[in-house]
Amino acid sequence: MESKHAPLPSFEEHASRLAGTHLRDLVQDDARGERLRKRMGPVLLDISRQKLDIAALDAVGAYIESTGWKAARDAMFEGKHINTSEDRAVLHTALRGGASRHPAAPAEVRREVADALDKMEALVNAVHKGEGESVGLIGGVTDVVNIGIGGSDLGPRLAVHALEQFHVKGITSHFLTNVDGQAATDLMNKLDPARTLVILVSKSFNTQETLLNGGVFRNWILKANDGDEKKTARHFIGVSSNVEAVQKWGASQILPMWDYVGGRFSLWSAVGASIAFSIGMQGFRDLLAGAAEADDHFRSAEWQDNLPVLLAIAEVWNRNILGRTSRAVVPYVDSLADLPSYLQQLEMESLGKHVHPDDGSEVTQPTVPVVWGSIGTNAQHAYFQALHQGTDTVPLEFIGLVKPAHPLRENHDVLLSNLLAQAAALSLGKTFDEALAEAKSGSEAERRALAAQRTFKGDRPSTVFMLDSLTPHSLGALIALYEHKVFMLGHLWGINAFDQWGVELGKVIAKQIYPSLANDKDAGDLGQFDGATRALIGAIRSRR
Ligand SMILES: O=P(O)(O)OC[C@H]1O[C@](O)(CO)[C@@H](O)[C@@H]1O
């Protein structure tokens, strides 16, 4: 379909000027550095190692100003139905609106969010006191298992693991996600059913993996309770927007979710109950307050100082102007090991779209890059070779902490020196002449061949996030900044960042295939499948 949407500008003049300018020269300009290093509360963002100069930055900023981004942003905060394909508001910001200086969501939404938080608080506090019975749950809980997938897993998992130093004593959290039965079996072997509380999290309450794993755990606990269903229900809290289905399923307590919160934006709701069970309700409210600080910043700062806008500028520059196809996220913080997979869902499920929602026409520029990564320094000893000398340029995102939670100063200084060194090495590189001067022995030809292999072209861009420390507040702020970057990119690319139709087809086909594997006697009508699927079903059945 022919598009009526104007493509992003090519910023040709700036792009060609910068093509001839090396990052090692750009980073010498202190005035430029000041424009590209900005702070919001506990988060310092440094995009000064991106291939932009002030003129290019201002050109992209002026373009963004012309797009009506502020009105689009305000429409989201106010609850307009900006998720048009599902006719829904997008109000994850309302979940932390209680801590905002300028809550913007409709009063009714604010009320139901506050009520749900209060209900969750009552459950969490009772369980922490060992008095779960007082709220209809079991007493003496030692282990909490979050069963969910995608947004019903990744956010809570990230926060629970990131905030380990804030965990309350006596409760251990676990995450059961994949439908691979090994995970459920290993967990059941480890836990005591009498002391296990399960949070079954599914916005739709229609997700195959979650319902199957929930059933496995219910049977396990039911058996331990000698078939007593009422007693068994007290081991389960259901979190869903489909309250009726949870009631039918048989959880004793239900915490709500709403259709105006997308799964990947939902950790701030009762979907994050396992976070509250891990770090206590005050910690959970601190997480919300950090996100609210980022919300207020996004809503009030001009583009030049607005971290989500600057992040979006860096991404548009890399993706649309320089044609980069992926971005690596490398936290130099072990406890943020889950951040890359969290961001994969947040960014790739939100921005992996190819049409404009208003008329279905094709977008005229690439949208989301592949997001990947893992913790440093480990990554340096695995794939950084390719990032330094491979033929593709992959923009990186480093995350570091000024103050760690542990007392091992030498470890931390070594960790941070490595982060800073990688950002420097990737951007500055090492010239052929520098490498040649280091090659002391051998013939001229041998020295030159060696120098070529030891040359680093550099000019490889990166972003650095430096957090003062890792707390519920700073983590909440960091995640919310990423959420707003996603909003900005959806706006600039003209796509709906809040639906996810692309996950449907595979789900439908999986349900069609399942009977052919489940029924050993009768393969059913294999003719409905393509040749490759038929052959693999046959191979599996013949070797069982
Ligand atoms: O919370 P639910 O409804 O079980 O969905 C889990 C995940 O599945 C998805 O719908 C994708 O299949 C995600 O968007 C969502 O976070």
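The rules behind these values
- Residues numbered from 1 in each chain as written.
- Predicted model: local features only at pLDDT ≥ 70, side-chain atom pairs only at ≥ 80, totals over all residues.
- Heavy atoms only, no water.
- UniProt positions renumbered as here; feature names shortened; annotations may be inferred.
- Helix = DSSP H or I, 4+ residues; strand = E, 2+ residues; numbered from the N terminus.
- Rg over C-alpha atoms; globule rule 2.2 N^0.38 Å.
- Buried < 20%, exposed > 50% of the residue type's maximum accessible area, 1.4 Å probe, protein only.
- Contact = heavy atoms within 4.5 Å.
- Areas by Shrake-Rupley, 256 points an atom, 1.4 Å probe, with all protein chains shown as cover.
- Lys, Arg positive; Asp, Glu negative; His and termini not counted.
- Charge placed at Lys NZ, Arg CZ, Asp CG, Glu CD.
- Pairing = 2+ DSSP bridges.
- Near = heavy atom within 4 Å.
- Polar contact = N/O pair within 3.5 Å; in protein donor to acceptor, adjacent residues only side chain to side chain.
- Nonpolar A, V, L, I, M, F, W, Y, C, P; charged D, E, K, R; others polar.
- Axes fitted to C-alpha atoms, helices over the stretch in contact; angles between N-to-C directions.
- Expected span 1.5 Å × (residues − 1).
- Phe/Tyr/Trp six-rings, centres within 6.5 Å; stacked < 30°, edge-to-face > 60°.
- Salt bridge = Lys/Arg side-chain N within 4 Å of Asp/Glu carboxyl O.

Per an unreviewed UniProt entry, the protein chain is named Glucose-6-phosphate isomerase, and its organism is Luteibacter jiangsuensis. As its UniProt record puts it under Function (unreviewed entry), the protein chain is described as follows: "Catalyzes the reversible isomerization of glucose-6-phosphate to fructose-6-phosphate."

If you tally the helices and strands in the protein chain, you get 21 helices and 11 strands. Scaling as 2.2 N^0.38, a compact globule of 544 residues should have a C-alpha radius of gyration of about 24 Å, and the protein chain matches this with 25 Å. Looking at the 544 residues of the protein chain, the share that counts as buried comes to 51%. Looking at the protein chain alone, contacts between residues at least 24 apart form 75% of all its contacts between residues at least 6 apart. Carbon together with sulfur atoms contributes 52% to the accessible area of the protein chain, which is approximately 23600 Å² in total. Counting 55 positive and 66 negative side-chain charges, the protein chain places the averaged centre of each group 3 Å from the other.

Turning our attention to the pairing of strand 4 (residues 172–176). Consecutive side chains of a regular strand alternate in pointing toward one face of the sheet and then the other. Taking burial as the measure, the five residues of strand 4 include four buried ones, the bulk of the element. As judged from the five bridges shared by strand 3 (residues 143–147) and strand 4, these two strands associate in the parallel manner. Of the residues in strand 4, the one forming a bridge with Val 145 is His 174.

Next up on the list: the site of the ligand. Lining the immediate environment of the ligand, one finds 14 residues, of which Ser 152, Ser 202, Ser 204, Thr 207 and Glu 349 sit closest. Within the backbone of Lys 203, a nitrogen or oxygen atom sits 2.8 Å from an oxygen atom of the ligand. With respect to the ligand, the side chain of Ser 204 contributes an N or O atom lying 2.6 Å from an oxygen atom. With the chains in place, 86% of the 390 Å² that the ligand exposes on its own is no longer accessible. When its residues are assigned to classes, the shell around the ligand shows two nonpolar, nine polar and three charged.

What follows covers the sheet that holds strand 6 (residues 236–240). If you trace the five strands from one edge of the open sheet to the other, you get 4-3-5-6-7, paired in parallel fashion. Across the chains shown, the open sheet's two edge strands, defined by having one partner strand only, are strand 4 and strand 7 (253–256). Pairwise comparison of adjacent strand axes, ignoring direction, gives a mean angle of 20° for this sheet. When strand 5 (residues 196–201) meets strand 6, the two strands line up parallel, connected through four bridges. The residue bridging Ile 199 from the neighbouring strand is Ile 237, located in strand 6. Against the sheet, helix 8 (residues 181–190) contacts strand 3 and strand 4, and its axis sits at roughly 155° relative to strand 4. Lying over the sheet, helix 9 (residues 208–224) contacts strand 3, strand 4, strand 5 and strand 6, oriented at roughly 160° with respect to strand 5.

Compared with the 21 Å implied by 1.5 Å per residue over 15 residues, the 20 Å span of helix 13 (residues 307–321) between its first and last C-alpha is a close match. The element helix 13 is largely enclosed, with a buried count of 15 among its 15 residues. With its phi angle positive at about 70°, Gly 323 sits one or two positions after the end of helix 13.

What follows covers the packing of aromatic side chains. Considering all chains together, one arrives at 15 aromatic pairs under this definition. Ring centres 5.4 Å apart and planes at 50° place the aromatic pair Phe 265 and Phe 498 in the tilted group. One end of the pair, Phe 265, is in the loop between strand 7 and helix 12 (273–300); the other, Phe 498, is in the loop between helix 19 (472–493) and helix 20 (504–518), with 233 residues separating them in the sequence. Neither residue differs from the other here; Phe 265 and Phe 498 are each classed as buried. Centre to centre, the rings of Phe 298 and Phe 487 are 6.1 Å apart; their planes meet at 75°, and the pair counts as edge-to-face. Within this pair, whereas Phe 298 is found in helix 12, its partner Phe 487 is found in helix 19, the two being separated by 189 residues in sequence. The class of Phe 298 is buried, set by a relative accessible area of 0%. Looking at Phe 487, the relative accessible area reads 6%, which means it is buried. Ring-pair connections join several aromatic residues into one group, and the members of that group are Tyr 332, Trp 372, Tyr 383, Phe 384 and Phe 398.

With respect to topology, six strands assemble into an open sheet ordered 1-2-11-10-8-9, the strand pairing being mixed. Taken across any chain shown, the strands that pair with only one partner, and hence form the sheet edges, are strand 1 (37–40) and strand 9 (370–372). The average undirected angle you get between the axes of adjacent strands in this sheet is 15°. The sheet contacts of helix 16 (residues 409–428) involve strand 2 (43–49), strand 10 (396–401) and strand 11 (462–467), and relative to strand 10 the element is tilted by about 155°.

Right, let's get into the pattern of salt bridges. The final tally for this structure, using the stated rule, is 29 salt bridges. With a shortest N-O distance of 2.9 Å, Asp 53 and Arg 17 are connected by a salt bridge. Separated by 36 residues along the polypeptide, Asp 53 in the loop between strand 2 and helix 4 (54–65) and Arg 17 in helix 1 (residues 12–19) bring together distant segments of the chain. In this structure, Asp 295 engages Arg 96 in a salt bridge whose closest nitrogen and oxygen atoms are separated by 2.8 Å. Of this pair, Asp 295 sits in helix 12 while Arg 96 is found in the loop between helix 5 (69–78) and helix 6 (107–128), placing the two residues 199 residues apart along the sequence. By relative accessible area, which is 2% here, Asp 295 ends up buried. In the salt-bridge network here, residues are joined through shared partners; they are Glu 315, Arg 327, Glu 347, Glu 397 and Lys 485.

Here we come to the UniProt feature "active site" (unreviewed entry) in the protein chain. Mapped onto this numbering, the UniProt entry annotates "active site" (unreviewed entry) at Glu 349, His 381 and Lys 507. The greatest C-alpha distance among the annotated residues, which extend across 159 residues, is 37.2 Å, indicating that they are dispersed rather than converging on a single site. Locating Glu 349 in the fold gives a position in helix 14 (residues 339–351). For Glu 349, a relative accessible area of 23% translates into the label partly exposed. Once residues within four sequence positions are removed from consideration, Glu 349 is found in contact with Arg 264, Gln 344, Asp 499, Gln 500 and Val 503. Side-chain polar atoms of Glu 349 contact the side chain of Arg 264, separated by 2.9 Å. Looking at the element boundaries, Lys 507 is found in helix 20.

Right, let's get into the environment of Leu 26. Inspection of the secondary structure assignment puts Leu 26 in helix 2 (residues 23–26). Residue classification places Leu 26 among the buried positions, given a relative accessible area of 8%. The sequence separation of Leu 26 and Ala 301 amounts to 275 residues, and the corresponding C-alpha distance is 26 Å. Not counting chain neighbours up to four residues away, the residues in contact with Leu 26 comprise Leu 18, Thr 21, Arg 32, Lys 51, Leu 52 and Asp 53.

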